[in-house]
Amino acid sequence: MEGSMEQSWKQAKAVFAAALGPPLVWLVLFFLAPMAIVWAYSFGHNAGLTEIEITGTFHNYARAIEPLYLKIFLKSVWVAALTTALCLVAGFPVALAITFASDKTKAWLLLLVMLPFWTNLLIRTYALIAVLRTEGYVNQGLEWLWNGGSGLAALVGLQPLGDFQPLELLHNNFAVILGLVYVHLPFMVLPLYSALDRLDKSLLEASLDLGTGHLRTIFKVVVPLAIPGIASGVLITFIPALGAYLTPDLLGGPDSQMIANIIERQFKRANDWPFGAAMSFLLMYLTFIAIAIQAVLSKKTPEAKG
């Protein structure tokens, strides 16, 4: 009996090793090894046009925290934090509405939330450019309202409003933040919905039966119980927003560049791979810190303890 159990255990280990082997090899060859090479580059310097000498220097990291680049780092953190806060404010009511919708409506609402993932980010960004540009749909709509108001003013004998001046909605910080919210909102809604859908609805009914209003119930009962989902949504939204490259590049102006754009410039135009690698890993260190903070906070929640 003992021999057959040992043989079964060896067979199970062999099957597990066979199943784990190919993904592990893929992970090492195409993720861990390239990351290790880039990490090693961050401790080197250019020895020629195409040669990098790894000397163990921390000069690249020291350069990355100089005032010029530190300012861009802090601005990127601020933009990502503001994007995350706006996604939370906009996404919480959406997740709440999905939670209390009927089963059929819930499926359609979840489909609408996930629908953007089926379209390439570049296409979605160009679609937003078509909306925000000077001749875009927003300015066209405002111009139509302006001309209508001007005509109405002329009919009642008032001074016409004059020519319409299009709003500058593109190539500025406003466009970058709007684009980041537009791209990352689903990342906030889905974790919030996952947390809210697990709530004990009887607690909400008890709160309302005791005379507490709907808004107070949301802030006193729903929000505290949804803290794990909020923390996950904040983390999942903040990290991609911090490392966003395409949205600031296409929607932003000269003063709207984020840290990912500076990193891209080091690897391409400046041909300074060691400095770009150091900045990349500083960004990764910030990501690890954010994940660690989220893990510590999740352990302190009653749900995690239970």
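Check the entry above for the structure.
None of these values were measured; they are calculated from a predicted model.

Attention shifts here to the environment of Leu161. Checked against the element boundaries, Leu161 lands in the loop between α6 (137–155) and α7 (173–196). Judged by its relative accessible area of 41%, Leu161 is partly exposed. Residues Leu161 and Leu297 lie 136 residues apart in sequence; the distance between their C-alpha atoms is 55 Å. In this view, Leu161 contacts Trp146, Gly149 and Ser150; residues no more than four positions away in its chain are not counted.

With 25 residues, the main nonpolar core has Phe92, Leu196 and Val222 as its most contacted residues. Looking at this core, the elements with two or more residues in it are α3 (67–99), α4 (103–114), α7 and α9 (214–225). By residue number, the principal contributor to this core is α7, which donates nine residues. Setting aside chain neighbours within four positions, we find Phe92 in contact with Cys87, Leu192, Leu196, Ile218, Val222, Val223 and Ile230. Formed by 19 residues, the second largest nonpolar core is a distinct cluster that contains Phe43, Ile72, Ala278 and Leu282.

As a further point, take the packing of α9 against helix α10 (residues 227–242). Two elements in contact, α9 and α10, have axes whose closest approach is 4 Å; the angle formed by their N-to-C orientations is 65°. Packed against α9, whose contacting residues are Val223, Pro224 and Leu225, the element α10 presents Ile227, Pro228 and Ile230 at the interface. In terms of residue class, the contact of α9 with α10 is made up of six nonpolar, no polar and no charged.

To continue, consider a nonpolar patch on the surface. On the surface, a cluster of nonpolar side chains totalling about 640 Å² of accessible area is made up of Phe16, Leu20, Leu24, Leu27, Val28, Phe31 and Leu32. Within the fold, Leu20 resides in helix α1 (residues 2–41). Taking the relative accessible area as the measure of exposure, Leu20 reaches 39% and is therefore partly exposed.

The rules behind each value
Note on numbering: residues in each chain are counted from 1, in written sequence order. Thresholds applied to this predicted model are a pLDDT of at least 70 for local features of residues and 80 or more for the giving and counting of side-chain atom pairs; totals over whole chains, interfaces and linings are not thresholded and use all residues. As a rule here, side-chain values cover all heavy atoms of the structure and leave hydrogens and water aside. The helix count covers DSSP runs of H or I at least four residues long, the strand count covers runs of E at least two residues long, and both are numbered beginning at the N terminus. In this scheme, a residue with accessible area under 20% of its type's maximum is buried, one over 50% is exposed, and one in between is partly exposed, where area comes from a 1.4 Å probe on protein chains only. Two residues qualify as a contact provided that any one of their heavy atoms is within 4.5 Å of a heavy atom in the partner residue. Here the nonpolar core consists of buried residues drawn from Ala, Val, Leu, Ile, Met, Phe, Trp, Tyr and Cys, with membership extended through side-chain atoms lying within 4.5 Å. Fitted lines through C-alpha atoms serve as axes, helices being fitted only where they are in contact, and the angles separating the N-to-C directions of these axes extend from 0 to 180 degrees. Note on residue categories: nonpolar means Ala, Val, Leu, Ile, Met, Phe, Trp, Tyr, Cys or Pro, charged means Asp, Glu, Lys or Arg, and polar means any other residue, Gly included. Patch definition: residues above 30% relative accessible area lacking any salt bridge, with like charges linked at up to 9 Å and the nonpolar side chains Val, Leu, Ile, Met, Phe, Trp and Tyr linked at up to 5 Å. All accessible-area figures derive from a Shrake-Rupley calculation using a 1.4 Å probe, and residue coverage is judged against the displayed protein chains alone. The salt bridge definition used is simple: a Lys or Arg side-chain nitrogen within 4 Å of an Asp or Glu carboxyl oxygen.

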